[in-house]
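Single-letter residue listing:
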Amino acid sequence: DVKVTQSSRYLVKRTGEKVFLECVQDMDHENMFWYRQDPGLGLRLIYFSYDVKMKEKGDIPEGYSVSREKKERFSLILESASTNQTSMYLCASKPLAESSTDTQYFGPGTRLTVL
Amino acid sequence: GIQVEQSPPDLILQEGANSTLRCNFSDSVNNLQWFHQNPWGQLINLFYIPSGTKQNGRLSATTVATERYSLLYISSSQTTDSGVYFCAVEGGYNKLIFGAGTRLAVHP
């Protein structure tokens, strides 16, 4: 069964802290994604990666960085957390686009609160 | 870039009722998907439907690509249908653009 896991369901951090959100998938997928979800805005893509050590900016990369040292793991890093980064963060993975019907598989989400 | 608009933003139903959710998009697309996010946050793909009609149990979806809209039908709604329904279209290689969602509450 397809599985994407995220390191925490809930996280509370203070302004200025460095925050790591971890995502692991067990499906040997090449592509991995980080989104944030905010009320009234849907999901917005922060970064994605199509291979180990490769990354591409999404629509809202400012204030974030990512790391992909192993195929199964994709980390989102907030170098200096700010209150406007309080949000739900969702990780997803997807196989290489051999089929146009391939969908993204999502993790359960991490609700981050920055005080 | 492509804009995706969903309506209505909120919907309250009595168990057993039928409903239609709408997704409008601003440009032609090769990939349109419907997702359901349950009350615990888990997002699941319901349909991949760039055109035509598909059915899966009580759910069905129709996309009219030439008119740039898609509809998701829920028949005989159940409390387990509650959550948020998202429409997403492909906005470039590997990029999905999501609408703001329709929040559905089904009451017993």
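All values derive from a computational prediction rather than experimental measurement.

## A short note on the overall build of chain A
Here's step 1: In terms of regular secondary structure, chain A is built from zero helices and eleven strands.
Here's step 2: Listed N to C, the secondary structure of chain A is β-β-β-β-β-β-β-β-β-β-β in terms of helices and strands.
Here's step 3: Structurally, chain A occupies a C-alpha span of about 40 × 30 × 25 Å along its principal axes.
Here's step 4: Considering chain A as a whole, with its 115 residues, one finds that 49% of them fall into the buried category.
Here's step 5: Contacts spanning at least 24 positions in sequence make up 55% of the contacts within chain A whose residues lie at least 6 apart.
Here's step 6: Surface exposure of chain A reaches about 5700 Å², of which carbon and sulfur atoms provide 49%.
Here's step 7: For chain A, the distance from the average position of its 16 positive side-chain charges to the average position of its 16 negative side-chain charges is 7 Å.

## A short note on the pattern of salt bridges
Residue and element names in this part refer to chain A.
Here's step 1: Taken as a whole, this structure holds eight salt bridges over all chains when the rule is applied.
Here's step 2: When the shortest N-O distance is used, the salt bridge between Asp 38 and Arg 36 registers 2.9 Å. Pair check on accessibility: Asp 38 and Arg 36 agree, each one buried.
Here's step 3: Taken together, the shared-partner salt bridges in this structure form one network comprising Asp 28, Glu 30 and Lys 71.

## Things to note about the sheet that holds strand 3 (residues 19-25) of chain A
Residues and elements named next belong to chain A.
Here's step 1: The sheet built from four strands is open, its strands ordered 1-3-8-7 with antiparallel pairing. The sheet is open, and its two borders are formed by strand 1 (4-6) and strand 7 (65-70), each paired with just one other strand. Going from strand to strand, the sheet's axes swing by 20° on average, the running direction of each strand aside.

## Some thoughts on the interface of chain A and chain B
Here's step 1: Counting residues at the interface gives 26 residues for chain A and 18 residues for chain B.
Here's step 2: Buried area between chain A and chain B, both sides added, is near 1700 Å², and the carbon and sulfur share of it is 52%.
Here's step 3: Of all residues in chain A, the largest losses of buried area upon contact with chain B belong to Leu 43, Thr 103 and Phe 106 of chain A, amounting jointly to 26% of the total for that side.
Here's step 4: The interface formed by chain A and chain B contains zero salt bridges.
Here's step 5: Here chain A and chain B share five residue pairs in polar contact (both at pLDDT 80 or more) between them.
Here's step 6: Elements that contribute at least two residues to the side of chain A that touches chain B include exactly strand 4 (31-38), strand 5 (42-49) and strand 9 (87-94) of chain A.
Here's step 7: A per-class count over the side of chain A that touches chain B returns twelve nonpolar, nine polar and five charged.

What counts and what doesn't
Residues numbered from 1 in each chain as written. Chains lettered and ligands numbered in written order. Predicted model: local features only at pLDDT ≥ 70, side-chain atom pairs only at ≥ 80, totals over all residues. Heavy atoms only, no water. Helix = DSSP H or I, 4+ residues; strand = E, 2+ residues; numbered from the N terminus. Buried < 20%, exposed > 50% of the residue type's maximum accessible area, 1.4 Å probe, protein only. Contact = heavy atoms within 4.5 Å. Areas by Shrake-Rupley, 256 points an atom, 1.4 Å probe, with all protein chains shown as cover. Lys, Arg positive; Asp, Glu negative; His and termini not counted. Charge placed at Lys NZ, Arg CZ, Asp CG, Glu CD. Salt bridge = Lys/Arg side-chain N within 4 Å of Asp/Glu carboxyl O. Pairing = 2+ DSSP bridges. Axes fitted to C-alpha atoms, helices over the stretch in contact; angles between N-to-C directions. Buried area = accessible area lost by both parts, 1.4 Å probe. Polar contact = N/O pair within 3.5 Å; in protein donor to acceptor, adjacent residues only side chain to side chain. Nonpolar A, V, L, I, M, F, W, Y, C, P; charged D, E, K, R; others polar.

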